[in-house]
Amino acid sequence: MTRSFPTSGAPHVAPQTSVASVMLQVLLALLPGVLTYAWFFGPGVLVQIALAVFFALLFEAVMLRWRGRELKPFINDYSAVLTAVLFALCIPPLAPWWISCVAMLFAMVFAKHLYGGLGQNVFNPAMVGYVVVLISFPQAMTAWLPPLSLSEIDLGLGAILATIFTGQVPVAGGWDAVTQATPLDLLKTGIESGRLVPELRTSAVFGYFGGKGWEWVASGYALGGLYLLYKRVISWQVPTAVILIVIVLSLPAWLIDPAINPDPLQHVFSGAVLLTAFFIATDPVSGCVSNRGRLVFGAGVGLLTLVIRRWGGYPDGAAFAVLLMNMAAPLIDRYTRPRMYGE
């Protein structure tokens, strides 16, 4: 028995994809990582997200008015919200409120609107804001919380809000009582001081293959990234290149001398590698356009992240790697353009 289905003739119109719908899907994909972050490290990250979103929308509105543009549709496209959320996930949960203000000023005003607005920015706005405050206020940007399971002091939401808005921890012992070095901090300072990786990994801050808590946060980002790949919101080239380069380049060093070189999974599941691979380096505006260019771009991000972690002054380096590759993106696109049909 043959069935016939009603069909229409050509041309077939492809479904429209708006900026707002893409940004909403990316925000949805970030939810597993955000919720896991809050579960292991407390609600401070949610407060930081709210602050960053507020300041991002504020500066977005100010710049749109200053440039003589209507607030709609730009204020409703969620691009400023996504920039704010990505930034908030990169800073300590107890960072002072003005950190978000300064970062969003540079992200929205200097990195976005002074280049012409959405679609014209050369650098990733979230990473510009993050790097500015990281370099300018290193003490505030290194006050990281341990996982709740390792914390001796239970900071409630009231204490978290008081710390963020006053700059003072309302508990005995102050900042030293509630903060702890991250796994990457501990590895970098420990190796530089002559300690061995197996010895360092006996610390309670390490989990099965990354940092305790952090490995699950990274897994949440990976889950969201796989959703974006499934929905074809992002291409596979950049995240694949970032992750593979980090693994391929760190594996020989670890096999040769595991006493002074962390294993590849430690690199992948600590710090911002997976967040960068799926959500930051895949920015279609500040990255590369061609498929080969995306592979080169992602490989460069992975390589520079490892170089900065090993020889640089910062324990992670993913943000600096993205900004450096942003500068190289136009040149990469120039030499990786696909051949024109018939050429």
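A. Just the overall build of the protein, in detail. When you go through the protein residue by residue, the secondary structure sums to 15 helices and zero strands. At 21 Å, the protein has a C-alpha radius of gyration in line with the 20 Å of a compact globule built from 343 residues. Taken over the C-alpha atoms alone, the protein extends approximately 70 × 50 × 50 Å along its principal axes. Per-residue burial over the protein gives 48% buried out of 343 residues. Here the contacts in the protein between residues at least 6 apart in sequence split such that 75% fall between residues at least 24 apart. Only carbon and sulfur atoms are counted for the fraction: they give 66% of the accessible area of the protein, which is about 17400 Å². Looking at the protein, you have 19 positive and 16 negative side-chain charges, and the mean spots of the two groups are 14 Å apart.

B. Examining helix α15 (residues 318-335) more closely. With 18 residues, α15 extends 24 Å from end C-alpha to end C-alpha; this agrees with the ideal 26 Å at 1.5 Å per step. Three or more residues of α15 are buried, namely Ala318, Ala319, Phe320, Ala321, Val322, Leu323, Met325, Asn326, Ala329, Ile332 and Asp333.

C. Examining the pattern of salt bridges more closely. The full count for this structure, using the stated rule, is four salt bridges. Across the pair Asp316 and Arg309 runs a salt bridge, and its minimum N-O distance is 3.0 Å. There is no split in this pair, since Asp316 and Arg309 are both buried.

D. Molecular detail of the packing of helix α14 (residues 291-311) against α15. Viewed as axis vectors pointing N to C, α14 and α15 meet at an angle of 150°, and their least axial separation amounts to 9 Å. When the axes of α14 and α15 are compared, the pair comes out roughly antiparallel. In the packing of α14 onto α15, the handedness of the crossing is right-handed. Residues Arg292, Gly293, Val296, Phe297, Gly300, Val301, Leu304, Thr305 and Ile308 of α14 form the contact with α15, whose participating residues are Ala318, Phe320, Ala321, Val322, Leu324, Met325, Asn326, Ala329, Ile332 and Tyr335.

E. Looking closely at the nonpolar core. By size, the foremost hydrophobic cluster in this structure holds 90 residues, and its most contacted members are Leu30, Phe87, Leu89 and Phe279. The leading source of residues in this core is helix α2 (residues 44-66), at ten residues. With residues up to four places along the chain from it excluded, the contact list for Phe87 reads Ala52, Ile99, Ser100, Ala103, Met104, Ala126, Gly129, Tyr130 and Val133. Listed in part, the six residues of the second largest apolar core include Leu187, Leu200, Val205 and Phe206.

F. Layout of the layout of surface pockets. Each pocket or cavity is described by its volume, and for the largest pocket that value is around 690 Å³. Among the elements of the structure, α1 (19-41), α3 (79-88), α5 (125-136), α13 (273-280) and α14 are those that each provide at least two residues to the lining of the largest pocket. Partitioning the lining of the largest pocket into residue classes produces 21 nonpolar, eight polar and three charged. A volume near 550 Å³ is recorded for the second largest pocket. Every residue lining the second largest pocket is counted, 31 residues in all, and those nearest its centre are Cys90, Tyr130, Trp144, Gly271 and Asp316. Put simply, the parts of the chain that give the lining of the second largest pocket at least two residues each are α5, α8 (183-192), α10 (214-230), α13 and α15. Split by residue class, the lining of the second largest pocket holds 22 nonpolar, seven polar and two charged.

What counts and what doesn't
Residues numbered from 1 in each chain as written. Predicted model: local features only at pLDDT ≥ 70, side-chain atom pairs only at ≥ 80, totals over all residues. Heavy atoms only, no water. Helix = DSSP H or I, 4+ residues; strand = E, 2+ residues; numbered from the N terminus. Rg over C-alpha atoms; globule rule 2.2 N^0.38 Å. Buried < 20%, exposed > 50% of the residue type's maximum accessible area, 1.4 Å probe, protein only. Contact = heavy atoms within 4.5 Å. Areas by Shrake-Rupley, 256 points an atom, 1.4 Å probe, with all protein chains shown as cover. Lys, Arg positive; Asp, Glu negative; His and termini not counted. Charge placed at Lys NZ, Arg CZ, Asp CG, Glu CD. Expected span 1.5 Å × (residues − 1). Salt bridge = Lys/Arg side-chain N within 4 Å of Asp/Glu carboxyl O. Axes fitted to C-alpha atoms, helices over the stretch in contact; angles between N-to-C directions. Parallel < 35°, antiparallel > 145°, perpendicular 65-115°, else oblique. Left-handed = near helix turned anticlockwise from the far one by under 90°. Core = buried A, V, L, I, M, F, W, Y, C linked by side-chain atoms within 4.5 Å. 1 Å grid on protein atoms, 1.4 Å probe; cavity = no way out; pocket = protein on both sides within 12 Å on 5 of 7 lines; lining within 4 Å. Points joined across faces, edges and corners; volume = space filled by probe spheres on them. Nonpolar A, V, L, I, M, F, W, Y, C, P; charged D, E, K, R; others polar.

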